[in-house]
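Residues per chain are reported as follows:
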Amino acid sequence: MCFYNQKKFACGDWSWTNFAHRCNYEYRTGETCGMRLVNETFSENAKCRLCDKIETKKRRRSAEVDRLTRWKREGGTLVASMERCQKLIMELEKEIFQLEREKQERQRALS
């Protein structure tokens, strides 16, 4: 039951920050008991690491979709590039899905 500070992000996620103070349960010098309790919570306007990654992947997917629609509109002379672009879009969608699932699992584990 040692106390740590907590950082709460704009997206609702949080993370542990620095050690605040030791509880009376652990008597050995320099040791912590392993249980973490919140000492103080600091709000941060930024989003968490996972949200940043998800937004980056969504922007890249959007750019690839725009590129693909432009190529289709202008004429399909770049068939190999169009196929590669479609594969990239599918890979990005998989990565976005995995990151969103990871975030949901993290939030569910904390509930």
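Please read these numbers as outputs of a predicted model, since none were measured by experiment.

What counts, and where the lines are drawn
Residues numbered from 1 in each chain as written. Predicted model: local features only at pLDDT ≥ 70, side-chain atom pairs only at ≥ 80, totals over all residues. Heavy atoms only, no water. Pairing = 2+ DSSP bridges. Helix = DSSP H or I, 4+ residues; strand = E, 2+ residues; numbered from the N terminus. Axes fitted to C-alpha atoms, helices over the stretch in contact; angles between N-to-C directions. Phe/Tyr/Trp six-rings, centres within 6.5 Å; stacked < 30°, edge-to-face > 60°. Buried < 20%, exposed > 50% of the residue type's maximum accessible area, 1.4 Å probe, protein only. Contact = heavy atoms within 4.5 Å. UniProt positions renumbered as here; feature names shortened; annotations may be inferred. Expected span 1.5 Å × (residues − 1). Core = buried A, V, L, I, M, F, W, Y, C linked by side-chain atoms within 4.5 Å.

A. Examining the sheet that holds strand β1 (residues 2-8) more closely. As summarised here, the arrangement of the three strands in space is β2-β1-β3, forming an open sheet in which the pairing is mixed. Each edge of the open sheet is held by one strand with a lone partner, namely β2 (14-21) and β3 (36-43). Sheet twist, expressed as the average angle between the axes of neighbouring strands with direction ignored, equals 35 degrees. Across seven bridges, β1 lies against β3 in parallel orientation. Along β3, the bridge assignment pairs Lys-8 with Ser-43.

B. Spatial organisation of the packing of aromatic side chains. Throughout the structure, instances matching the rule amount to two aromatic pairs. Where Trp-14 meets Trp-16, the ring centres are 5.0 Å apart and the plane angle is 85 degrees; that geometry is what we call edge-to-face. Relative accessible area serves as the criterion here: at 29%, Trp-16 is assigned to the partly exposed category. Here the aromatic residues Tyr-4, Trp-14 and Trp-16 are joined through ring pairs into a cluster of three or more.

C. Summary view of the side chain of Gln-6. With respect to the helices and strands, the residue Gln-6 is situated in strand β1. The class of Gln-6 is buried, set by a relative accessible area of 12%. Non-local contacts of Gln-6, meaning those with residues more than four positions away in its chain, are made with Trp-14, Ser-15, Thr-17, Val-38, Glu-40, Thr-41 and Phe-42.

D. The UniProt feature "coiled-coil region" (unreviewed entry) in the protein chain, seen in detail. According to UniProt, the positions carrying the feature "coiled-coil region" (unreviewed entry) are residues 82-109. Structurally, residues 82-109 is divided into 100% helix and 0% strand, and its ends, taken at the C-alpha atoms, are 41 Å apart.

E. Representation of helix α1 (residues 49-74) within the structure. Its 26 residues give α1 an end-to-end C-alpha distance of 38 Å, which sits within 8% of 38 Å, the value for a rise of 1.5 Å per residue. Of the residues trailing α1, Gly-75 is marked for its positive phi of about 125 degrees.

F. View of the pairing of β1. Across five bridges, β1 lies against β2 in antiparallel orientation. Counterpart to Phe-3 in the pairing with β2 is His-21. Hairpin connection between β1 and β2: a loop of five residues separates the two successive antiparallel strands, and Gly-12 in this loop has a positive phi of roughly 105 degrees.

G. Structural context of the nonpolar core. In this structure, Phe-9, Cys-48, Leu-50, Cys-51, Ile-54, Ile-96 and Leu-99 together form the largest nonpolar core, which totals seven residues. Sorting elements by how many residues they give to this core places α1 first, with three residues. Core analysis: the second largest hydrophobic core is formed by five residues, Trp-71, Met-82, Cys-85 and Ile-89 among them.

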